[in-house]
Amino acid sequence: MDDLGTAYDGPRPARRVVSLVPSLTEALASVDRDAVVGATDWCTHPADLGAARVRGTKNPDLAAVRALEPDVVVANQEENRELDVRRLRESGVRVWVTRIETVPEAVGSMERLLDGLGWQRPTWLGEARRLWCGPVPPVSRRVAIPVWRDPWMVVGARTFTGDLARRLGLDNVFADHPDRYPAASPEQVVAAAPDVVLLPDEPYLFTADDGPEVFAGGPDGAGGAGGVATELVSGRLLTWYGPSLLEAHRSLAR
């Protein structure tokens with residue numbers, strides 16, 4: 001069964017899979033690239049994946065998905081719309097839905113998916129379990145993690161990214177907010193007193209010229225929130241839960 005309890009009754013091993021989730025596309029391609037026959041435009045890894053493109057995660061071309069005659073479509077509760085899942089199922093297409101809010105959930109979900117499809121578990125998945133699913137380390141820094149600008153939004157409670165940060169020893173200053181991705185102005189971010197503001201390059205593309213200036217303070221940051229250090233980080237390493245988990249541990253844990 002998938003993460004929401006829907007049984008998979010397709011062929012095992014599955015030979016034709018459409019993925020509507022970038023993280024899962026990368027994970028599935030690491031095991032059987034040729035079986036991934038469709039993916040979204042946002043599925044950028046692996047870069048040379050030859051799968052047909054079926055538009056975006058929020059607006060997939062359902063006719064194109066059906067035309068690929070998949071054994072199963074892989075989706076995620078947060079990234080994809082329930083309406084699209086329902087329409088695919090109503091037309092006879094099997095859909096496996098994942099639900100992921102923590103790093104251990106991500107590892108367990110991928111193990112369950114691969115087992116369900118009759119695929120082998122790759123070596124990197126076992127290594128990800130070893131690296132990420134042990135005791136949580138003590139806090140070393142307090143952070144805020146904006147994910148959007150205009151309006152400003154940050155990582156809040158019950159998110160994969162927030163859990164990953166905590167497992168790196170980072171305390172998210174908005175972890176107790178009731179919303180998963182609350183609106184928070186730069187002034188509110190500064191008032192929460194993080195040691196550093198982490199600015200990823202996705203889903204919003206923060207760059208050296210777009211984001212840090214708001215928190216810089218002093219003469220160069222006049223008019224901004226002011227006075228908090230910022231670091232540009234890889235959004236893929238903060239938010240993806242496939243093979244990138246190994247790179248994330250090597251890079252972000254420093």
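Located above this text is the structure these notes cover.
Draft legend 1. Broad picture of helix α3 (residues 82-90). Taken together, the buried positions of α3 are D84, V85 and L88. Seen from one end, α3 has its buried residues packed into an arc of 100 degrees, which puts them on one side. Every exposed residue of α3 that faces more than 90 degrees away from the buried side is listed here: E82 and E90. The inward-facing, buried residues of α3 abut α2 (62-67), β4 (72-76) and β5 (95-98). At the C-terminal side of α3, G92 shows a positive phi close to 95 degrees.

Draft legend 2. Expanded view of the packing of helix α4 (residues 103-117) against helix α5 (residues 123-132). At a minimum axis separation of 10 Å, α4 and α5 run at an interaxial angle of 155 degrees. Accordingly, the angle class assigned to the pair α4 and α5 is roughly antiparallel. As for the relative orientation of α4 and α5, their crossing is left-handed in sense. Taking contact as the criterion, the partners of V103, V107, G108, M110, E111 and L114 in α4 are, on α5, W124, L125, A128, R129 and W132. For the contact of α4 with α5, the residue count by class is eight nonpolar, one polar and two charged.

Draft legend 3. Quick look at unusual backbone geometry. Following R12, the chain continues to P13 via a peptide bond in cis, the omega torsion being 5 degrees. Relative to the helices and strands, P13 is located in the segment before β1 (17-19). With an omega of 5 degrees, the peptide bond between E202 and P203 qualifies as cis. Along the polypeptide, P203 turns up in the loop between β10 (196-200) and α8 (212-215). Phi is positive for D150, close to 60 degrees, though the residue is something other than glycine. For D150, the location among the structural elements is in the loop between β7 (146-148) and β8 (153-154). Exposure remark for D150: the relative accessible area of 64% places this residue in the exposed category. Positive phi is not limited to glycine here, since R158 has a value of about 60 degrees.

The rules behind each value
- Residues numbered from 1 in each chain as written.
- Predicted model: local features only at pLDDT ≥ 70, side-chain atom pairs only at ≥ 80, totals over all residues.
- Heavy atoms only, no water.
- Buried < 20%, exposed > 50% of the residue type's maximum accessible area, 1.4 Å probe, protein only.
- Helix = DSSP H or I, 4+ residues; strand = E, 2+ residues; numbered from the N terminus.
- Arc of directions from axis to C-beta.
- Contact = heavy atoms within 4.5 Å.
- Axes fitted to C-alpha atoms, helices over the stretch in contact; angles between N-to-C directions.
- Parallel < 35°, antiparallel > 145°, perpendicular 65-115°, else oblique.
- Left-handed = near helix turned anticlockwise from the far one by under 90°.
- Nonpolar A, V, L, I, M, F, W, Y, C, P; charged D, E, K, R; others polar.

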